[in-house]
Amino acid sequence: MLNDFYKQFKSGTDIRGIASEGVEGEALNMTNDAIKAMTGGFCLWLCEKTGKNATDLTVSVGRDSRISGERIASVVTETLSSFGVKVIYCNHASTPSMFMTTVDLGCDGAVQITASHHPFNRNGLKFFTRQGGLEGADITAILTNASEENFPEIANGGEIKEVDYMTQYAEHLCNIIKKGVNADNYDRPLAGFRICVDAGNGVGGFYADKVLAVLGADTTGSRYLDPDGMFPNHVPNPESPVAMKAISEAVVEAQADLGVIFDTDVDRGAVVDSKGNEINRNRLVALASAIALEGCEGGTIVTDSITSDGLREFIENTLGGKHYRYRRGYKNVIDKAIELNKEGIPCPLAIETSGHAAMQENYFLDDGAYLCTKIIIKAAQLRREGKDISDLISSLKEAKEEKEIRIRILEDDFRACGERVIAELLAYAEAQPGWQIAPDNREGVRVSFDKDNGDGWFLLRLSVHDPIMPLNIESNVEGGTEIILQKIMEFFKTTKGLDI
């Protein structure tokens, strides 16, 4: 049975906790004993998943730049080795590269030590098999094993071998760019390009040195390439305005052709154009869709629920594709795209506005470096035509205003409260004149309004993990978000259990 101590570590399809001291009120819970138990729980789960004994398993282990990473990696590798597992330790590595070890190195499973863009004191464990990332139910099973102390038997034969896999992974990306650009100078297809990289002191700095520079690009102006788990310059997060401002400034100052930015573990990315204009969120979805739909005419793009109406119009009317708006949570989006493909519905891309982008051609792996690689290939192709990457999305209609309000749920059973509010809002919206309920909405309640009533939309949903109801509002006119907010506030006055 999963006890309360181990239950606290479940974060969707990952394990996360507090791994370092230094933040008031946040006591360390990812102790060596807890990590050892969770690693043992994963090893037993992997034995059952593969039908192998632990002594027949090969598992890779990598980490991002967090200050607790080395400690956790030592516990994970030694624990796996104690069960007789052959461990390949990759040290600093991106999360997507750890999945690729199951492809290139024949690993049965992989463990990445990361907490994405979360603060320096957090860390966690993310797992892969040859089938991809784990589901929430798998994490529950692993944590249940940990809480019940269900582990493989201690055995001889285990070993820990350190491997520089990131160099091999970088060569893989280099080959993709060479083939995609197909320049006269085949081995240096980016000669004449200046591209800035902002790794935010995560583990994405390899992209500047081992990919772009190798291919001839000038990476002058790149920032924060060295791993530093305290993240002294800005949070490594392409959704952060501070982070995006940093890469935009770098591009303008260096007079670069393009800028790319990654989150801490490089499963997300975003870009800025030669003028320093940010291409993230809806713009990034539009750009990735334009690239993914080449050769997949009429294909379906799966996104999360908060994408804009302008994006839908761009995908369907400009690109000739189909837009399937699904739930928040990158794994939800990826799983839906995989499901649609199995049903015979061509779907080349699953992408969340946070920057998680997974292409069918790349194992539906959310990989920020792969996404930026595809964008750089397209930039090189467009350059031959005298065009910039932004020209691909010039017809995207963008909202004048957007706002997100995170409303706290006050009741202990927050999920039941949130679901009740959603049901009440749906009934309320159906009774309001001029409230147009989205017919294809698959999460929460999404309502649109005409030009006389705010000219936009709102979406109220229940957070995937937290006692929060995010309210997203977009409008095509100045002052429109306030008009829409006042309309939904009349509904909130009738509800209970929310801190409004």
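Everything discussed here concerns the structure shown above.
Residues numbered from 1 in each chain as written. Predicted model: local features only at pLDDT ≥ 70, side-chain atom pairs only at ≥ 80, totals over all residues. Heavy atoms only, no water.

J.: So, the packing of helix 2 (residues 32-50) against helix 5 (residues 136-148): which residues are in play, and what are the values?
T.: Across the interface, helix 2 lies against helix 5 with an axial gap of 7 Å and an inter-helix angle of 120°. By the angle between their axes, helix 2 is oblique relative to helix 5. Of the two possible hands of crossing, helix 2 and helix 5 adopt the one that is right-handed. Facing Ala-37, Met-38, Gly-41, Phe-42, Leu-44 and Trp-45 of helix 2, the residues of helix 5 in contact are Asp-138, Ala-141, Ile-142, Leu-143, Asn-145 and Ala-146. Grouping the constituent residues of the contact of helix 2 with helix 5 by class yields nine nonpolar, two polar and one charged. (Axes fitted to C-alpha atoms, helices over the stretch in contact; angles between N-to-C directions. Helix = DSSP H or I, 4+ residues; strand = E, 2+ residues; numbered from the N terminus. Parallel < 35°, antiparallel > 145°, perpendicular 65-115°, else oblique. Left-handed = near helix turned anticlockwise from the far one by under 90°. Contact = heavy atoms within 4.5 Å. Nonpolar A, V, L, I, M, F, W, Y, C, P; charged D, E, K, R; others polar.)

J.: Please set out the sheet that holds strand 21 (residues 456-460) residue by residue, giving values where relevant.
T.: Backbone hydrogen bonds hold the strands of a sheet together, and the pairing may be parallel or antiparallel. Taken in spatial order, the six strands of this open sheet run 19-20-21-22-18-23, and their pairing is antiparallel. A strand with exactly one partner marks an edge of an open sheet, and here the two such strands are strand 19 (436-437) and strand 23 (498-499). Direction of pairing for strand 18 (residues 401-409) relative to strand 23: antiparallel, over a ladder of two bridges. Across the sheet, the residue bridging to Ile-409 is Leu-498, located in strand 23. Relative to strand 22 (residues 468-475), helix 14 (residues 480-492) is tilted by about 140°, and along the sheet it contacts strand 18, strand 20 (445-449), strand 21, strand 22 and strand 23. (Pairing = 2+ DSSP bridges.)

J.: Residue-level account of the pairing of strand 4 (residues 86-92), with values.
T.: One ladder, built from six bridges, connects strand 3 (residues 58-63) with strand 4; its direction is parallel. Considered in strand 4, the bridge of Ser-60 is made with Ile-88. With helix 3 (residues 69-82) bridging strand 3 and the parallel strand 4, this β-α-β connection has right-handed handedness. Inspection of the sheet shows strand 4 paired to strand 8 (residues 159-162) by four bridges, in the parallel sense. By the bridge assignment, Ile-88 is partnered in strand 8 with Lys-161. (Right-handed = clockwise from strand over helix to strand, strands pointing away.)

J.: Please set out unusual backbone geometry residue by residue, giving values where relevant.
T.: One non-glycine residue with positive phi stands out, namely Ser-116, at about 55°. Its place among the elements puts Ser-116 in the loop between strand 5 (109-113) and strand 6 (122-129). Phi at Val-266 takes a positive value of approximately 70°, unusual for a residue other than glycine. Its location among the elements puts Val-266 in the loop between strand 10 (258-262) and strand 11 (269-272).

J.: I'd love a proper account of the state of the cysteines, names of residues and values included.
T.: A complete count under the given rule lists zero disulfides for this structure. Cys-43 provides the cysteine sulfur closest to Cys-47, a residue in no disulfide bond, and the two sulfurs are 4.6 Å apart. Exposure remark for Cys-47: the relative accessible area of 11% places this residue in the buried category. (Disulfide = S-S within 2.5 Å. Buried < 20%, exposed > 50% of the residue type's maximum accessible area, 1.4 Å probe, protein only.)

J.: Run through the packing of helix 9 (residues 281-292) against helix 10 (residues 309-318), naming residues and quoting values.
T.: Axis separation between helix 9 and helix 10 bottoms out at 10 Å; the angle between their running directions is 10°. One element, helix 9, and the other, helix 10, form an angle in the roughly parallel class. Across the interface between the two elements, Asn-282, Val-285, Ala-286 and Ser-289 of helix 9 pack against Leu-311, Phe-314 and Ile-315 of helix 10. Partitioned by chemical class, the residues of the contact of helix 9 with helix 10 number five nonpolar, two polar and no charged.

J.: Run through the sheet that holds strand 11, naming residues and quoting values.
T.: Strand order in this open sheet of four strands is 9-10-11-12, and the pairing throughout is mixed. Because the sheet does not close on itself, it has two edges, and the strands there are strand 9 (195-198) and strand 12 (278-279). In this structure, strand 10 lies alongside strand 11, joined through four bridges in antiparallel fashion. Paired with Gly-259 across the two strands is Val-272, which belongs to strand 11. The strands touched by helix 8 (residues 241-254) are strand 9, strand 10, strand 11 and strand 12; relative to strand 9, the strand with the most contacts, the crossing angle is about 155°.

J.: Any chance you could break down the packing of aromatic side chains for me, citing the residues and the numbers?
T.: According to the stated counting rule, one finds 18 aromatic pairs in the structure shown. Ring geometry for Phe-206 against Tyr-207: centres 6.2 Å apart, planes inclined by 90°, an arrangement best described as edge-to-face. A single burial state applies to Phe-206 and to Tyr-207, both of which are buried. Among the aromatic residues, ring-to-ring pairing joins Tyr-428, Trp-435, Phe-449, Phe-458, Phe-491 and Phe-492 into one connected group. Positioned over the ring face of Tyr-324 is Arg-442, at 3.6 Å from the centre of the ring. Over the aromatic face of Trp-457 sits the side chain of Arg-446, whose NZ or CZ is 3.6 Å from the ring centroid. (Phe/Tyr/Trp six-rings, centres within 6.5 Å; stacked < 30°, edge-to-face > 60°. Lys NZ or Arg CZ within 6 Å of the ring centre and 35° of its normal.)

J.: Give a description of the pattern of salt bridges that names residues and reports values.
T.: Within the structure shown, the criterion is met by 33 salt bridges. For Asp-4, the salt bridge identified is with Lys-7, shortest N-O distance 3.8 Å. Placement of both Asp-4 and Lys-7 in helix 1 (residues 4-7) is noted, with a separation of three residues, approximately one turn of the helix. By relative accessible area, which is 63% here, Asp-4 ends up exposed. A salt bridge links Glu-424 to Arg-420; the shortest N-O distance between them is 3.7 Å. With a gap of four residues between them, Glu-424 and Arg-420 both fall in helix 13 (residues 414-430), about one helical turn apart. With a relative accessible area of 32%, Glu-424 lands in the partly exposed category. (Salt bridge = Lys/Arg side-chain N within 4 Å of Asp/Glu carboxyl O.)

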